[in-house]
Amino acid sequence: MNISDTEVIKAKYNKKASSYDMALGPMEKMMMGKWRKILCSRANGLVLEAGVGTGANLAHYPEDNNIEKVIGIDFSPKMLEVAKRKVSLAKVPVQLLEADIQSLPFEDNIFDTIITACVFCSVPDPVLGFKELRRVIKPNGSLFLLEHVRSEGIFLGPLMDRLNPLSVKFGGVNINRRTEKNIKLSGMEIISNDPLFKDIVKLLTVSPNK
Ligand SMILES: C[S@@+](CC[C@H](N)C(=O)[O-])C[C@H]1O[C@@H](n2cnc3c(N)ncnc32)[C@H](O)[C@@H]1O
């Protein structure tokens, strides 16, 4: 892991934390809210939400899914500050923790479910991040990932490659991540890959394959 890349991306999220929810507003109403509900309905047991951000998923975890607790981690203390205000909206027990996905403070094989939403566009070393998620999930656990990825379209894919440096510079967001490839490189297996918007936004179900 490149420490300075991590500090740069973390600083970007610290900076935009107070305006993050407002920026997300229209998207949240149009589609993200619906997708978050689908995503969180898959969770059960002890849940790790990696990159919990400002806690936009917290209210969507269902109370009737046998969820023991959701541990939401993020490396941005400012994003977590905003998330703290949403804990009371959750119908399940929630604990928030400052931690880096690339180096998690948990023992091996403890989580039943891992949830991420729009996180692996920002994790500085995504393969290392996925290896850490694989380490902490139980062998029979599942990962459910709502992620945007690079389009394979012949125009859109190269356009995303061109625009990516700007997106990283201004937002800390890679718009051309090949997330499915990164998952496979970490040793995990994609069980289902459901497109939610074109071939860009996907709901991935992943098995740790261990
Ligand atoms: C685009 S935001 C998404 C936040 C939230 N999941 C949502 O759906 O609104 C990406 C989040 O991932 C976090 N993040 C990125 N890399 C991380 C890392 N290595 N460890 C922990 N959190 C990370 C950022 O701080 C940010 O809160």
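Residues numbered from 1 in each chain as written. Predicted model: local features only at pLDDT ≥ 70, side-chain atom pairs only at ≥ 80, totals over all residues.

Caption draft 1: The site of the ligand, seen in detail. By nearness alone, 19 residues border the ligand, and Gly51, Gly53, Phe75, Ser76 and Ala117 come closest of all. Along the lines of polarity and charge, the residues of the shell around the ligand split into eleven nonpolar, six polar and two charged. (Near = placed C-beta within 6 Å. Nonpolar A, V, L, I, M, F, W, Y, C, P; charged D, E, K, R; others polar.)

Caption draft 2: Structural detail: the environment of Ala17. Tracing the sequence through the fold places Ala17 in helix H1 (residues 3-40). Given 20 C-beta atoms within a 10 Å radius, Ala17 is considered buried. Ala17 sits 36 residues away from Gly53 along the chain, and the two C-alpha atoms are 8.2 Å apart. Apart from residues lying up to four places away in sequence, Ala17 is in contact with Thr54, Ser76, Lys78, Met79, Glu81 and Val82. (Helix = DSSP H or I, 4+ residues; strand = E, 2+ residues; numbered from the N terminus. Buried ≥ 20, exposed ≤ 12 C-beta atoms within 10 Å, placed from the backbone. Contact = placed C-beta atoms within 7 Å.)

Caption draft 3: Fine view of the environment of Glu28. Positionally, Glu28 belongs in helix H1. Between the C-alpha atom of Glu28 and that of Ala56, which follows or precedes it by 28 residues, the distance is 9.1 Å. In this view, Glu28 contacts Gly33 and Ala56; residues no more than four positions away in its chain are not counted.

Caption draft 4: Representation of the sheet that holds strand S3 (residues 94-98) in the model. Spatially, seven strands are ordered S3-S2-S1-S4-S5-S7-S6 in an open sheet, and the strand pairing comes out mixed. Because the sheet does not close on itself, it has two edges, and the strands there are S3 and strand S6 (189-197). Geometrically, the sheet is characterised by an average inter-axis angle of 15 degrees between neighbouring strands, direction not taken into account. When strand S4 (residues 111-117) meets strand S5 (residues 137-148), the two strands line up parallel, connected through six bridges. Residue Ile114 lies in a different strand from S5, and its bridge partner there is Leu143. Docked against the sheet, helix H2 (residues 77-84) engages strand S2 (67-74) and S3, running at close to 165 degrees with respect to S3. Packed onto the sheet, helix H3 (residues 126-136) meets strand S1 (45-50), S4 and S5 and runs at close to 145 degrees relative to S5. (Pairing = 2+ DSSP bridges. Axes fitted to C-alpha atoms, helices over the stretch in contact; angles between N-to-C directions.)

Caption draft 5: H2, seen in detail. Along H2, the positions that sit buried rather than exposed are Met79, Leu80 and Ala83. End-on view of H2: buried residues confined to an arc of 100 degrees, all on one side of the axis. (Arc of directions from axis to C-beta.)

Caption draft 6: Fine view of the pairing of strand S7 (residues 201-207). Side chains Lys202, Leu204 and Val206 project from S7 onto a buried face, and the interleaved Val201, Leu203, Thr205 and Ser207 project onto a face without burial. Pairing of S6 with S7 involves seven bridges; the strand directions are antiparallel. Within S7, the residue paired with Asp194 across the bridge is Leu203. In this antiparallel pair of consecutive strands, S6 and S7, the connection spans three residues, and Lys198 shows a positive phi of 50 degrees.

It is worth stressing that arrangement in space is one thing and function is another; only the former is reported here.
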